[in-house]
Amino acid sequence: MKKLFLLPIFALLMAQVCATNPPDEGMWLPMFVKDYNYATMKHLGLHLTAEQMWDINNSSIKDAIVELGEDGDHFCTGEIISENGLMLTNHHCGYASIADHSTTDHDYLKDGFWAASYKDELPNQHITATFLVRMEDVTAKVLKGVTEENRDDQIETAIKELTNEAEENGRYTAVIKDFYDGNQYFMFIYEVYKDVRLVGAPPSSIGKFGDETDNWVWPRHTGDFSMFRIYTAPDGSPAEYSENNVPMKPKYSLPISMKGIEDGDFAMVWGIPGSTSRYLTSYEINLQLETTDKPIIEFCDAVLPVIRAEMNARDEVRIMYASDYASWANTWKNQKGELSSLTDLGIADKKAEQEKDLLKWINASKARKDKYGNPVDSIKAICESVDVTSFRYLYYANFSMRLSKLLSTAISLDVDLPDGQKKFSDEQKASIMEAYRESMKNSDAKTEEKIIAAELKLWMSLPLEDQPSFCTVIREKFHGDCDAYAHAAMQKSVIASEAAFQKYLDKPSMKVFMNDPIVKIAIGVYQQLYFNIFAYYYYDGAITEARRNFMAAMLEKNADSPMYPDANSTMRCTYGTVCDYSPRDGVRYSYYTTADGILQKEIPGDPEFDVNPKLKKLILDKDFGPYAMKDGKLPVCFLTNNDITGGNSGSPVINGNGELIGCAFDGNIEALCSDIYFDTELQRCICVDIRYVLFVIDKFAGAQRFINEMNIVK
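Just so you know, these numbers come straight off a predicted model, no measurement behind them.

**Re the nonpolar core**
Point 1. One finds Met53, Met227, Met268, Trp270, Tyr692 and Ile697 to be the most contacted residues of the largest nonpolar core, which totals 126 residues.
Point 2. No other element matches helix α24 (residues 517–557), which puts nine residues into this core.
Point 3. If sequence neighbours within four positions are ignored, methionine 268 has contacts with Met41, Leu46, Leu48, Met53, Ile61, Thr574, Tyr575, Asn642, Pro652, Val653, Ile654 and Asn655.
Point 4. Listed in part, the 58 residues of the second largest apolar core include Leu403, Ile452, Phe513 and Ala522.

**Some thoughts on a nonpolar patch on the surface**
Point 1. There is a patch of nonpolar side chains on the surface, built from Ile411, Tyr526, Tyr530, Phe531, Phe534, Tyr536 and Tyr537 and spanning about 770 Å² of accessible area.
Point 2. Top contributing element to the nonpolar patch by residue count: α24, with six residues.
Point 3. By the element assignment, phenylalanine 531 lies in helix α24.
Point 4. According to the relative accessible area criterion, phenylalanine 531 is exposed, its value standing at 53%.

**A word on the pattern of salt bridges**
Point 1. Applying the stated rule across the entire model yields 44 salt bridges.
Point 2. The salt bridge partner of lysine 62 is aspartate 63, with a shortest N-O separation of 3.1 Å. Taken individually, lysine 62 and aspartate 63 each receive the classification buried, so the pair is uniform in this respect.
Point 3. For arginine 197, the salt bridge goes to aspartate 195, with nearest N and O atoms at 2.7 Å. Residue arginine 197 shares its accessibility class with aspartate 195, and that shared class is buried.
Point 4. Each of Glu121, Arg229, Arg705 and Glu709 takes part in a single network of salt bridges with overlapping partners.

**Some remarks on the state of the cysteines**
Point 1. For the coordinates displayed, the defined rule picks out one disulfide.
Point 2. With a sulfur-sulfur separation of 2.1 Å, cysteine 76 is cross-linked through a disulfide to cysteine 93. Between cysteine 76 and cysteine 93 the sulfur-sulfur dihedral comes to about -80 degrees; the bridge is accordingly left-handed. Placement of the pair is cysteine 76 in strand β2 (residues 73–80) and cysteine 93 in helix α5 (residues 91–100), with a sequence separation of 17 residues.
Point 3. Taking the relative accessible area as the measure of exposure, cysteine 76 reaches 4% and is therefore buried.
Point 4. Looking at the unpaired cysteine 300, the closest cysteine sulfur is the one in cysteine 482, lying at 18 Å.
Point 5. Assessed through its relative accessible area of 0%, cysteine 300 is described here as buried.
Point 6. Cysteine cysteine 471 remains unbridged, with the sulfur of cysteine 482 as its closest cysteine sulfur at 7.2 Å.

**Quick look at helix α27 (residues 690–700)**
Point 1. Counting buried residues along α27, ten of its eleven residues qualify, which places the element largely inside the surrounding structure.
Point 2. Inspection of α27 places Ile690, Arg691, Tyr692, Val693, Leu694, Phe695, Val696, Ile697, Asp698 and Phe700 among the buried residues, and these make up the whole buried set.
Point 3. Two to three positions downstream of the cap, the backbone nitrogen of arginine 691 sits 2.9 Å from a side-chain oxygen, assigning the N-cap of α27 to aspartate 689.
Point 4. Within two residues after α27, glycine 702 carries a phi angle of roughly 65 degrees, on the positive side.

**Thoughts on the packing of helix α11 (residues 282–313) against helix α15 (residues 375–384)**
Point 1. Where α11 meets α15, the axes come as close as 8 Å, and the angle between the chain directions of the two elements is 20 degrees. By the angle between their directions, the pair α11 and α15 is classed as roughly parallel. The crossing of α11 and α15 is left-handed. Residues Tyr283, Glu284 and Leu287 of α11 lie in contact with α15, whose contacting residues are Val376, Ile379, Lys380 and Cys383.
Point 2. For the contact of α11 with α15, the class distribution of residues is five nonpolar, no polar and two charged.

**Some thoughts on empty space enclosed by the protein**
Point 1. On inspection of all chains with the given rule, the structure shows one cavity of 30 Å³ or more.
Point 2. If you add up the space inside the largest cavity, you get close to 40 Å³.
Point 3. Elements that contribute at least two residues to the lining of the largest cavity include exactly β1 (65–70) and β6 (127–137).
Point 4. Broken down by element, the lining of the largest cavity gets its largest block of residues, three residues, from β6.
Point 5. In terms of residue class, the lining of the largest cavity is built from six nonpolar, one polar and one charged.

**Digging into the confidence of the model for the chain**
Point 1. Per-residue pLDDT for the chain averages 93, and the proportion of residues at 70 or more is 97%.
Point 2. In this model residues 1–20 is a low-confidence stretch, pLDDT under 50, and it forms 15 contacts with partners more than four residues away in sequence or in other chains.

**Some remarks on the pairing of strand β20 (residues 660–667)**
Point 1. Counting buried residues along β20, eight of its eight residues qualify, which places the element largely inside the surrounding structure.
Point 2. Across three bridges, the pairing between strand β19 (residues 652–654) and β20 is antiparallel. Bridge assignment links proline 652 to a residue of β20, and that residue is cysteine 663.
Point 3. Linkage of β19 to β20, two consecutive antiparallel strands, is achieved through a turn of five residues, within which glycine 658 is found at a positive phi near 80 degrees.
Point 4. Bridge count for β20 against strand β21 (residues 685–689) is five bridges, and the pairing is antiparallel. In the strand pairing of β21, cysteine 663 is matched with valine 688.

Rules of the game
- Residues numbered from 1 in each chain as written.
- Predicted model: local features only at pLDDT ≥ 70, side-chain atom pairs only at ≥ 80, totals over all residues.
- Heavy atoms only, no water.
- Core = buried A, V, L, I, M, F, W, Y, C linked by side-chain atoms within 4.5 Å.
- Buried < 20%, exposed > 50% of the residue type's maximum accessible area, 1.4 Å probe, protein only.
- Helix = DSSP H or I, 4+ residues; strand = E, 2+ residues; numbered from the N terminus.
- Contact = heavy atoms within 4.5 Å.
- Patch = residues over 30% accessible without salt bridge, like charges linked within 9 Å, V, L, I, M, F, W, Y side chains within 5 Å.
- Areas by Shrake-Rupley, 256 points an atom, 1.4 Å probe, with all protein chains shown as cover.
- Salt bridge = Lys/Arg side-chain N within 4 Å of Asp/Glu carboxyl O.
- Disulfide = S-S within 2.5 Å.
- Polar contact = N/O pair within 3.5 Å; in protein donor to acceptor, adjacent residues only side chain to side chain.
- Axes fitted to C-alpha atoms, helices over the stretch in contact; angles between N-to-C directions.
- Parallel < 35°, antiparallel > 145°, perpendicular 65-115°, else oblique.
- Left-handed = near helix turned anticlockwise from the far one by under 90°.
- Nonpolar A, V, L, I, M, F, W, Y, C, P; charged D, E, K, R; others polar.
- 1 Å grid on protein atoms, 1.4 Å probe; cavity = no way out; pocket = protein on both sides within 12 Å on 5 of 7 lines; lining within 4 Å.
- Points joined across faces, edges and corners; volume = space filled by probe spheres on them.
- pLDDT = per-residue confidence, 0-100.
- Pairing = 2+ DSSP bridges.

Next comes the structure, spelled out in structure tokens:
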């Protein structure tokens, strides 16, 4: 009886932790957690030693953290959850791979995918899984003898020498990154695995439930997870894909907790956040609103609804554009949320107060005045000199090329005839056609026509003197009708279809190619890119030194209280608690959701809120197996106040015992300024509860082979 009586008191005390201890701001480099953060983490409920989290000589949590990459670019985080290399990440992280393996006959996006055996697990040619071996502060080595005049070249030379030595003839991959705007440098030593196979994914009606409407929004009911497996050569070393490869034997795998979560519980996130800009000045923030956020929103407002309409109309188009559209739609809503929260929360004004404080500190010492001058005024002058219109058109041009595969193909194709040749050889034609097919992969002619028409309307909306040359043709010959012009261009173009392009290759003519209407649009857009990119180059070059000086002053001013560095796609640890939040007066959100909400949101036939019949029956029957909470309800998602950003998608959410309790997949729209400013009251990390993940794998999919290989702690 005494134990039962103490439980609610304990829960109440833990709930107060969230209220009395503000969340930790900062994405901390793991090698410094022991010195900077460990005491606070223990106070919040951590029961591990520092070495159990980070140890370069023995296995630790950091060995279960996976950086997911595609063609060398980081895009998500994963975590090892079995001794056979099974890896958990988000559904939206695996979305491109799921789409690549899908056809109208085997629609894994719609129906889900669960490999019945190792031999059924699907390889992914461009995906890599990277593990951090160790990291090292190399600031002194990189900056030794560096002068301002030749700074970039000298740093590049030093980095090349250091990484070549550290890679040990190809055994490792070494990367050196700058921190605090070039005031510090750290080297990261990695092992990269290239055989990563898709093994499990729920249907999109679970993995993307709520889709665009619920994106960045709480309460959430999304089973945002997928699973992959890492394979190695038989000796355990990294290897390219081979049928002879075997499941990885990892250094460490995360145990999985079935004990659930309570308000106030300790939670930490280990992952690879993409990038933040927490130390921007007020002037840089105001400039970003005008030169980045607004142009991106304007462009996506014009083009993305057109793509969505075509995807909704035809399944083959939905599969083709699924991954690209999901990525752009995510960016679109994120930019809207960032613009709104930066404005509504008055972040530029808050930064201005911090700048006044910094200048007061500098001016209090002649030595500091001589050393730093007025770094805020330097940044202000650069920001005020920027041509905002050039940045706007630069984004329009960049996005025009990236959203239309046909326009990007028109620019990238190499169709020049070698000197002295009047025709292409069979080998040359085959090579050019292969490049064309790769560039136009997962595209649809009708959809491309709609995309180009929408982009043309945006260009036609500009002042007459700023419009590309093709706008004159639209205005004079098509009476301003962009739809008619796009249709006519597609009909006449030699690159609009594979058949038309093959005919062109059989009888090539550069005159014909350069006068092609689609090529002319592409050239006009590319000229806008070329004309306006110099504004970016000027700004980037001018701001670099000013920011380095500004950050050097900030570091010295805060020398007694460590400053976390901005995220830059390197491993970080963040910590906080499970907790609710109040986004506005009179509204308070619970810290968790249940499957009841799935049925409450259900809209039969709707692509965002249609509920899978089998899932619906399980919920109605309350057939949740061992995954229900004490009150019999099935948990789906929960909130923490961990500091995360893009790239953290798929990161493990870990309790005080080092056990996996969830998978981070989103932030909340009220705090989407978080890349620039961390709001301690509003910012939340949205996570899928590991119990819902296990329920879907076990009860919904019947894929017990995965459950059996996990270390589940009850």
